Amino acid sequence: MKTFNQHFSTFVMTLGIATSAQAGSITVKGSDTLVILAQKWAEVYMGKQANVKIQVTGGGSGVGFAALQNQTTDLADASRRIRPREIEACLKSFGKRPTEYKVCLDGLSVYVSEENPVKELSLPQLEAIFTGKVRNWKEVGGQDAPLTVYSRENSSGTYEFFKEHVLQGKDFAASAQTMPGTASLLQAVAKDKNGIGYGGAAYGAGAKHLLIKKDEGSPAIEPTEETVVKGTYPIWRHLYVYVNPALDKGEIAAYLNWIRSDEGQKVVKDIGYYPLPKNLRE
Amino acid sequence: MVVFREMSRTSPQNKRFIGWKGLRRGHTARPLEWLVEKGIFVVSLSTIVLIFLIFLFTALEALPVFLGNTNNSLVQKTIPVEAMDRLTPKQLREYLGLTEKEFAGMPRETLKSLMEVKIETASEAPNDKDAALDTTSWRYLLLPYQWTGYDKSEYIWQPVSQIQKYNIVPLLIGSLKTTLVALLFSVPLALGAAIYVSQLSKPRVREYLKPAVELLAGIPSVVLGFFALMVMATLLQKAFGYQSRLNTFVAGIALGLAVIPVVFSIAEDALTSVPRSYTHAALALGSSRWQAAWQIVLPAAIPGVFAAVMLGFGRAIGETMVVLMASGNASILSWNLFDSTRTMTATIAAELAETVTHGHHYRILFMLGTLLFLVTFVANLVADVVIHRLKHKLEGK
Amino acid sequence: MIKGVQTSARRSEQAQTRALAFHTAKFDLTSFFFTGLTGLATLIILATLITILGNVLWHGWEGLSWRFISSSAKKDMFDVEKAGVLPMIVGTSARVILMTIFVIPVGVITAIYLTEYAHATSLFPRVIRGAISNLAGVPSIVFGLFGLGFFVNFVGQKMDTLLHAENAGLVWGQPALIWASLTLAIMTLPVVIVATEESLKAIPVGLREASLALGATKLETIVQIVLPQALPGILTGGILAISRAAGEVAPILFTGAAYYMADLPKSLTDQFMDLGYHVFVLSTQSPNIDQTRPILFATVVVLLLLTFALNIIAILVRANMRKKMRAVS
């Protein structure tokens, strides 16, 4: 009986310790486009501030918003803006609109295999290819071979952004192969000489970036830091972090400020994204 | 899976078990022991409770969709924000779509913001003939429809879109296709191996062969999917020269590898349970081992083999990681084996994390889960009944 | 019926069969062909097994080292030189050990009821057996859905409202180590039950009757005589359950696995990193597939070593048990 009491009290104590609030921990969830950057930010920041713990999970921008609404995350990474429906869900859940912070810039590259002779395409051509209207490379200046379109899962903000801005809101071709992450998409395109796909310019190796023209008459622009920050490269976007205003104080606010400071933006360049122009960094 | 192996094996000691159990109690029960024995009974009921709970909780989430109570039409009448105070609380609550509890806890600020958001949502509604449709109704879940921007009436699964398209037919066909390929690949191999291991090989070799083949069950499905994605897909594409690198064929073969241990275990058990006397009688009459196995033992074990295939089917249709990584995940409706495909399991795994809890998408994914549960439940039931009858038949003799 | 064939001694059976085979020495092409064909099927299966293992080991061997296993992924998760999988190993082990704490008691008690107390023909045992075989057949993703819908959303949120104030945020109502372990416990319950039943049935009835004759009660017999004898079987069941659970990814996708965590999981409500989930994430999301290939394969090797070693141990223990059982009966 004595040992039973001892065991029981230990158990209750462990339960108590387990349920105590976790001081100094920040949960970040959301966009796969941002997950590597978010992880690097977490690493560097934790190197400076030893008492803060940050944990990062990917899954897609939609995952971040869902977690924000379910209150299972502090920060939601997103590669697209929040939708009114999602704002509504947040309002129902914690009573306020989430605060939006722009954290960096990104250029979306269109990838083809290195063996593909095509070097540049225009936005209307991209729209026709990805909606499935154009099915053969020879219609856009390549060899006579059928096109394989690679796309992302629909939980991806990259998917949504591409859909909204390049496809003008139309659906992707049903025959588009869906890859769960940009890296697997890149790998698939690199191995498929008739493949075409899209993804953040940060993921570079293995396939070729196409130069993009706004329309048939414009010059073809390559995605580099200069063209993206200036806005001359046609497919660029902000990447965002959303947070519940009630939580935006103390350590979380400090972390957000650090991300948007010069130090945090230096990390952005290492990963391969493009830092915010000076005027947007508060 | 190891489970059914032992359940079909009849030990000669079983008959004497009746004695042990019939020996109810030779003395008055001590109160603590009586309590413990009742406790044992209650704990054993947990398996029944769990199956019931699993079905209950997945079906409950999906119930509104089953009953047709959801409506995600984008065209909603909006009330301007200034008119908020002119509505009665009940009207306001219904307009905003809140439950009583949610409404009671909300400050005025939040209600005002919700009304603003409602107007923003309405203004975002596309100028589309389909905006007013309730796409979660069964008609759009099962029948084809010509959406704006498409040339003809098609079955489209595209839940992330201004107009959400929830047709589940491509997913059902995708699951069936991969399962079919997996079974076509694995059943002949597993049955052949089962016949060889239980009937045609030397007994001493059998002792090593059986566990060796069952080791395949020790490979986690994520490793099989990984192997298919990294190695098999490229090899098969070089060998057959088709267009999509990740397709039904690759996923089916990898799935088959996952199913082989299941079918092999149970079929081998069924074949071994056939009394040796059958084989010996056949051999005595002058047949070869193969003839005895093929013409005498296999027909006698057909119920067990059938059960093995049913359980293999259940496993194949329910497998997630392999198809998630190797099938290409494109929701196309086609019977071509070399096209990418999207299965129900991969859809749930890929899309659930991004849904809003209790939203339409969430409920439809749970509905897919309930369907999967029902399919495997029926497959298991059939296999169980068949094995039961097999046991009776063999024990009766 | 051929007399004498029913004896179970292997040698006489072999001798009988050989004698029979000698008398049917005619060479039959069909038989030879089909025997070869089925033998080929077995060979193909074994060859595939060896190919997969060999390929993975071949590519993963270079990435494997003591540093790999023992260092954490704090910096440079994708750098071959510095990556480590310690958090994943710890996460997998934690959830598996926690699962064992739940599954073994429930499984053993159910097996005891089924073998010792229940009549084979009455309703409850049949329904329970049906439920067990159904539980074994439920797809793993449905377990994930159940874990999310029941444990995280229902039980977790109820616990939060009971234990915490309104604005403390969600502690139990989100994906956590404990919910993932419970989900896996439910998933591997059939394995433990069947393995325990098998070992309980192998114990001769005479032992139990002798104990009763000496004046012990039924419960005392079970606890003090039968269970200790059945321990190898229970162990087998536990090992098989662990091996199965260590490799499963689908049930933990929504109930607790995280992509990157700074720390090892410290409490029951923490999320955890996991070997299988890491393999899935790396193969679909690493920034440079060719560069991370060695780490990827090395992680798979670690995972395979874990599940395989456990599987082989379980098979050896069970084979040993069978030999003993045959010797006794």
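In this text, all values refer to a predicted model and were calculated from it rather than measured experimentally. (Residues numbered from 1 in each chain as written. Chains lettered and ligands numbered in written order. Predicted model: local features only at pLDDT ≥ 70, side-chain atom pairs only at ≥ 80, totals over all residues. Heavy atoms only, no water.)

Chemist: Lay out the overall build of chain A with the relevant residues and their values.
Modeler: Counting its secondary structure elements, chain A contains 10 helices and 11 strands. In chain A, the share of contacts with a sequence separation of at least 24, taken over all contacts with a separation of at least 6, comes to 73%. Accessible area of chain A: about 11,200 Å², with a carbon and sulfur share of 54%. (Helix = DSSP H or I, 4+ residues; strand = E, 2+ residues; numbered from the N terminus. Contact = heavy atoms within 4.5 Å. Areas by Shrake-Rupley, 256 points an atom, 1.4 Å probe, with all protein chains shown as cover.)

Chemist: Break down the overall build of chain C for me, citing the residues and quoting the values.
Modeler: When you go through chain C residue by residue, the secondary structure sums to 11 helices and one strand. Starting at the N terminus and walking to the C terminus, you meet the elements of chain C as α-α-α-α-α-α-α-α-α-β-α-α. The 329 residues of chain C split such that 57% are buried. Taking the contacts inside chain C whose residues are at least 6 apart along the sequence as the reference set, 70% of them involve residues at least 24 apart. When the accessible area of chain C is evaluated, it comes to approximately 13,900 Å², of which 68% is carbon and sulfur surface. (Buried < 20%, exposed > 50% of the residue type's maximum accessible area, 1.4 Å probe, protein only.)

Chemist: Please set out the interface of chain A and chain B residue by residue, giving values where relevant.
Modeler: Contact with chain A, which involves 35 residues of that partner, is made by 43 residues of chain B. For the pairing of chain A and chain B, the buried interface totals around 3,400 Å² over both sides, and the portion due to carbon and sulfur atoms is 48%. For the pair chain A and chain B, the interface holds two salt bridges. As a salt-bridge pair, A:Arg97 and B:Glu116 come within 3.3 Å of each other at their nearest N and O atoms. Put simply, chain A and chain B have four residue pairs in polar contact (both at pLDDT 80 or more) between them. For the side of chain A that touches chain B, the secondary-structure elements that each account for two or more residues are α3 (61-70), α4 (84-94), α6 (157-165), β7 (177-179) and α7 (182-191) of chain A. (Buried area = accessible area lost by both parts, 1.4 Å probe. Salt bridge = Lys/Arg side-chain N within 4 Å of Asp/Glu carboxyl O. Polar contact = N/O pair within 3.5 Å; in protein donor to acceptor, adjacent residues only side chain to side chain.)

Chemist: Let's hear about the packing of aromatic side chains: which residues, and what values?
Modeler: Applying the stated criterion across every chain yields a total of 35 aromatic pairs over all chains. Arranged with centres 5.3 Å apart and planes meeting at 75 degrees, the rings of C:Phe33 and C:Phe34 form a pair that is edge-to-face. Judged by relative accessible area, which is 29%, C:Phe34 ranks as partly exposed. A cation sits over an aromatic face here: A:Arg237 above A:Phe161, 5.3 Å from the ring centre. (Phe/Tyr/Trp six-rings, centres within 6.5 Å; stacked < 30°, edge-to-face > 60°. Lys NZ or Arg CZ within 6 Å of the ring centre and 35° of its normal.)

Chemist: Which residues make up the interface of chain B and chain C, and what are the values?
Modeler: Contacts between chain B and chain C engage 97 residues on the former and 108 residues on the latter. Surface buried jointly by chain B and chain C totals about 9,400 Å² across both partners, of which 75% is contributed by carbon and sulfur atoms. The tally of links between chain B and chain C comes to zero salt bridges. Taken together, the links from chain B to chain C amount to six residue pairs in polar contact (both at pLDDT 80 or more). Per-element accounting of the side of chain B that touches chain C gives the leading share, 10 residues, to helix α17 (residues 360-396) of chain B. For the side of chain B that touches chain C, the residue count by class is 62 nonpolar, 22 polar and 13 charged. (Nonpolar A, V, L, I, M, F, W, Y, C, P; charged D, E, K, R; others polar.)

Chemist: Which residues make up helix α2 (residues 29-60) of chain C, and what values do they have?
Modeler: Helix length check: α2(C), at 32 residues, gives a terminal C-alpha distance of 45 Å against a target of 46 Å (1.5 Å per residue), a fit within 8%. The complete set of buried residues in α2(C) reads C:Ser31, C:Thr38, C:Gly39, C:Ala41, C:Thr42, C:Ile45, C:Leu46, C:Leu49, C:Ile52, C:Asn55, C:Val56 and C:Gly60. (Expected span 1.5 Å × (residues − 1).)

Chemist: Outline empty space enclosed by the protein, listing residues and values.
Modeler: Per the stated rule, a full pass over the model turns up eight cavities of 30 Å³ or more. Here the second largest cavity is characterised by a volume of approximately 220 Å³. The wall of the second largest cavity is formed by 19 residues, among which A:Tyr159, A:Thr178, B:Trp157, B:Gln158 and B:Ser331 lie closest to the centre. Elements with a contribution of two residues or more to the lining of the second largest cavity: β6 (148-152) of chain A together with β1 (157-158) of chain B. (1 Å grid on protein atoms, 1.4 Å probe; cavity = no way out; pocket = protein on both sides within 12 Å on 5 of 7 lines; lining within 4 Å. Points joined across faces, edges and corners; volume = space filled by probe spheres on them.)

Chemist: Provide a residue-level description of the pairing of β6(A), including the pertinent values.
Modeler: All names here are of chain A. Of all five residues making up β6, five are buried, and the element is well covered by its neighbours. Residues Thr148, Tyr150 and Arg152 point to one face of β6 and Val149 and Ser151 to the other, with burial holding for every one of them. Pairing analysis gives two bridges linking β6 to strand β8 (residues 195-200), with the strands arranged parallel. Each bridged residue has a counterpart across the sheet, and for Thr148 the counterpart in β8 is Gly195. Relative to β7, β6 runs parallel, the two sharing three bridges. Bridge pairing links Tyr150 to Gln177 in β7. (Pairing = 2+ DSSP bridges.)

Chemist: How would you sum up the side chain of B:Thr136? Please name residues and give values.
Modeler: Positionally, B:Thr136 belongs in the loop between α7 (108-124) and α8 (138-142). Residue contacts for B:Thr136: discarding those within four places in its chain leaves B:Val65, B:Thr70, B:Asn71, B:Asn72, B:Leu141, B:Tyr166, B:His360 and B:Ile364.

Chemist: I'd like a rundown of the nonpolar core, residues and numbers included.
Modeler: Within soluble globular proteins, side chains that are nonpolar generally end up buried alongside one another. Ranked by size, the top nonpolar core spans 221 residues in total, and within it A:Ile54 and A:Tyr255 carry the most contacts. In terms of residues, this core owes the most to one element, helix α12 (residues 248-273) of chain B, which gives 17 residues. Setting aside its immediate chain neighbours within four residues, A:Tyr255 contacts A:Ile26, A:Ala38, A:Trp41, A:Ala42, A:Tyr45, A:Ile54 and A:Leu75. A:Leu126, A:Ile196, A:Tyr233 and A:Ile235 belong to the second-largest nonpolar core, a separate cluster that totals 33 residues. (Core = buried A, V, L, I, M, F, W, Y, C linked by side-chain atoms within 4.5 Å.)

Chemist: Go over the side chain of A:Ser113 with me, naming the residues and quoting the values.
Modeler: Residues and elements named next belong to chain A. Within the secondary structure, Ser113 sits in the loop between β4 (99-112) and β5 (120-122). For Ser113, a relative accessible area of 2% puts it in the buried group. A polar contact is formed between the side chain of Ser113 and the backbone nitrogen of Glu115, at a distance of 3.0 Å. If we skip the residues at most four places from it in the chain, Ser113 touches Val189, Ala190, Asp192, Lys193, Gly195 and Lys208.

Chemist: Which residues make up the environment of B:Asp85, and what are the values?
Modeler: Within the fold, B:Asp85 resides in the loop between α4 (46-67) and α5 (89-96). For B:Asp85 and B:Phe226, which are 141 residues apart along the polypeptide, the C-alpha to C-alpha distance reads 59 Å.

Chemist: A description of the confidence of the model for chain A should follow, citing residues and the corresponding values.
Modeler: When pLDDT is averaged along chain A, the result is 79; 87% of the residues meet or exceed 70. Here helix α1 (residues 2-19) of chain A is the element of chain A with the lowest mean pLDDT, 42, and strand β3 (residues 75-78) of chain A is the one with the highest, 91. (pLDDT = per-residue confidence, 0-100.)

Chemist: Lay out the pattern of salt bridges in plain terms, naming residues and giving numbers.
Modeler: Going through the model one piece at a time under the given rule, you end up with 20 salt bridges over all chains. Note that A:Arg237 and A:Asp106 form a salt bridge whose closest N and O atoms lie 3.0 Å from each other. A residue pair is termed long-range when its members are at least 10 positions apart, and A:Arg237 in strand β11 (residues 236-243) and A:Asp106 in strand β4 qualify at 131 residues. You'll find A:Arg237 and A:Asp106 in the same group, each marked buried. Taking the shortest distance from any N to any O, the salt bridge between B:Lys210 and B:Glu268 comes out at 2.8 Å. Taken together, the residues B:Lys210 in helix α10 (residues 203-214) and B:Glu268 in helix α12 connect sequence positions 58 residues apart. Per residue, the accessibility class of B:Lys210 equals that of B:Glu268, and both read buried. Each of A:Arg81, A:Glu100 and A:Lys102 takes part in salt bridges that share partners, so that together they form one network.

Chemist: Lay out a nonpolar patch on the surface in plain terms, naming residues and giving numbers.
Modeler: Residue and element names in this part refer to chain B. Residues Phe52, Leu56, Leu60, Leu63, Phe66, Leu67, Trp138, Leu142 and Leu143 make up a contiguous nonpolar surface patch of roughly 790 Å² in combined accessible area. Secondary-structure elements contributing two or more residues to the nonpolar patch are α4 and α8. For the nonpolar patch, the element with the most residues is α4, which contributes six residues. When you line up the elements, Leu143 lands in the loop between α8 and β1. (Patch = residues over 30% accessible without salt bridge, like charges linked within 9 Å, V, L, I, M, F, W, Y side chains within 5 Å.)

Chemist: Tell me about α10(B), and name the residues and values.
Modeler: Residues and elements named next belong to chain B. Compared with the 16 Å implied by 1.5 Å per residue over 12 residues, the 17 Å span of α10 between its first and last C-alpha is a close match. Where α10 is concerned, the buried positions are Arg206, Leu209, Lys210, Val213 and Glu214. Taken around the axis of α10, the buried residues stretch over an arc of 115 degrees, which confines them to a single face. Among the exposed residues of α10, those pointing more than 90 degrees away from its buried face are Arg204 and Tyr208. (Arc of directions from axis to C-beta.)

Chemist: An account of unusual backbone geometry is needed here, citing residue identities and associated values.
Modeler: A positive phi angle, near 55 degrees, is found at B:Asn329, a position not held by glycine. Along the chain, B:Asn329 turns up in the loop between α15 (321-326) and α16 (344-351).

Chemist: Any chance you could break down the environment of A:Ala42 for me, citing the residues and the numbers?
Modeler: Take A:Ala42: it is sitting in helix α2 (residues 32-48). Judged by relative accessible area, which is 0%, A:Ala42 ranks as buried. Sequence spacing of A:Ala42 and A:Val52 is 10 residues, and the spatial spacing of their C-alpha atoms is 9.5 Å. Aside from chain neighbours lying at most four places away, what touches A:Ala42 is A:Ile54, A:Val56, A:Tyr255 and C:Tyr260.

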